[in-house]
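Structural overview
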Amino acid sequence: VVRGARLKMQYATQHATESPTFVFRMNRQAEMHPSVVRWVERTLRSHWPFDATPLRLIFKADPPRRRRRNALARAEGASSRFVKMPKKKWRELQKPFWQREKFVAQVRERNRERRRASQEARRAAAAAGGLPAS
């Protein structure tokens, strides 16, 4: 546990074979406790024949993900790198586009305009003697 969050191994690959090197991808950057490193090494040795071979274990992590909020803010038109965004707007941007208030309002307005246009067409046809007005 690092800063209240659990460390997770996402995946591992064997990077080199001369001196077997394994790269473990973690969810966050942190120093691994020596007991965990020993456990990983023992587990590798129990599953594969690395009896008298020294193993190199490398633990890597992706950079922190806190930049996502700023990226969304820049996409919305903000120019500053670090932007304070209201939580309500942030939550709105997290929704799929078809659930966002702006999109829903546009769809409703488009439907109203289509209804008005069809009603006007019916009235015009009725006035010309075609269909009865409804």
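Preceding this section is the structure that the text describes.
Quantities reported herein were computed from a predicted structural model and do not represent experimental measurements. (Residues numbered from 1 in each chain as written. Predicted model: local features only at pLDDT ≥ 70, side-chain atom pairs only at ≥ 80, totals over all residues. Heavy atoms only, no water.)

**Some remarks on the overall build of the protein**
Scanning the protein from terminus to terminus reveals four helices and three strands. For the protein, the α and β elements follow one another from N to C terminus as β-β-α-β-α-α-α. Taken across its 134 residues, the protein has 14% of its residues classed as buried. Across the protein, the fraction of contacts at a sequence separation of at least 24, relative to all contacts at a separation of at least 6, is 32%. Entry remark: accessible area of the protein is about 11,300 Å², with carbon and sulfur atoms responsible for 52%. (Helix = DSSP H or I, 4+ residues; strand = E, 2+ residues; numbered from the N terminus. Buried < 20%, exposed > 50% of the residue type's maximum accessible area, 1.4 Å probe, protein only. Contact = heavy atoms within 4.5 Å. Areas by Shrake-Rupley, 256 points an atom, 1.4 Å probe, with all protein chains shown as cover.)

**Structural notes on the packing of aromatic side chains**
A full pass over the atoms with the stated rule returns two aromatic pairs. Plain terms: the ring middles of Phe22 and Phe50 are 5.8 Å apart, the flat faces sit at 80° to each other, and that makes the pair edge-to-face. On the criterion of sequence distance, the pair formed by Phe22 in strand β2 (residues 21-26) and Phe50 in the loop between α1 (34-47) and β3 (56-61) is long-range, its members being 28 residues apart. Judged on exposure class, the residue Phe22 and its partner Phe50 are both buried. Relative to Phe59, the ring of Phe24 has its centre 5.2 Å away and its plane inclined at 20°; by these criteria the two rings are stacked. (Phe/Tyr/Trp six-rings, centres within 6.5 Å; stacked < 30°, edge-to-face > 60°.)

**Focus: the environment of Thr53**
Assignment of secondary structure puts Thr53 in the loop between α1 and β3. By relative accessible area, which is 27% here, Thr53 ends up partly exposed. In the structure, Thr53 is positioned 34 residues away from Ser19 in sequence and 7.5 Å away in space, judged by C-alpha atoms. When neighbours within four sequence positions are excluded, Thr53 is seen to be in contact with Pro20 and Arg45.

**Things to note about the pattern of salt bridges**
On inspection of all chains with the given rule, the structure shows two salt bridges. Arg45 is paired through a salt bridge with Glu41; the nearest N and O atoms lie 3.0 Å apart. Remark: Glu41 and Arg45 occur in helix α1; sequence separation between them is four residues, near one turn of the helix. Here Glu109 ties to Arg112 by a salt bridge, and the two come within 3.1 Å at their closest N and O atoms. Of the two residues, Glu109 and Arg112 are both situated in helix α4 (residues 101-127); the distance of three residues between them amounts to about one turn of the helix. For Arg112, a relative accessible area of 38% puts it in the partly exposed group. (Salt bridge = Lys/Arg side-chain N within 4 Å of Asp/Glu carboxyl O.)

**A look at the nonpolar core**
Listed in full, the ten residues of the largest apolar core are Phe22, Phe24, Met26, Met32, Val40, Leu44, Phe50, Leu55, Leu57 and Ala61. Those elements that provide at least two residues to this core are β2, α1 and β3. The dominant element in this core, judged by the number of residues it contributes, is β2, at three residues. Setting aside its immediate chain neighbours within four residues, Leu44 contacts Phe22, Phe24, Phe50, Leu55 and Leu57. (Core = buried A, V, L, I, M, F, W, Y, C linked by side-chain atoms within 4.5 Å.)

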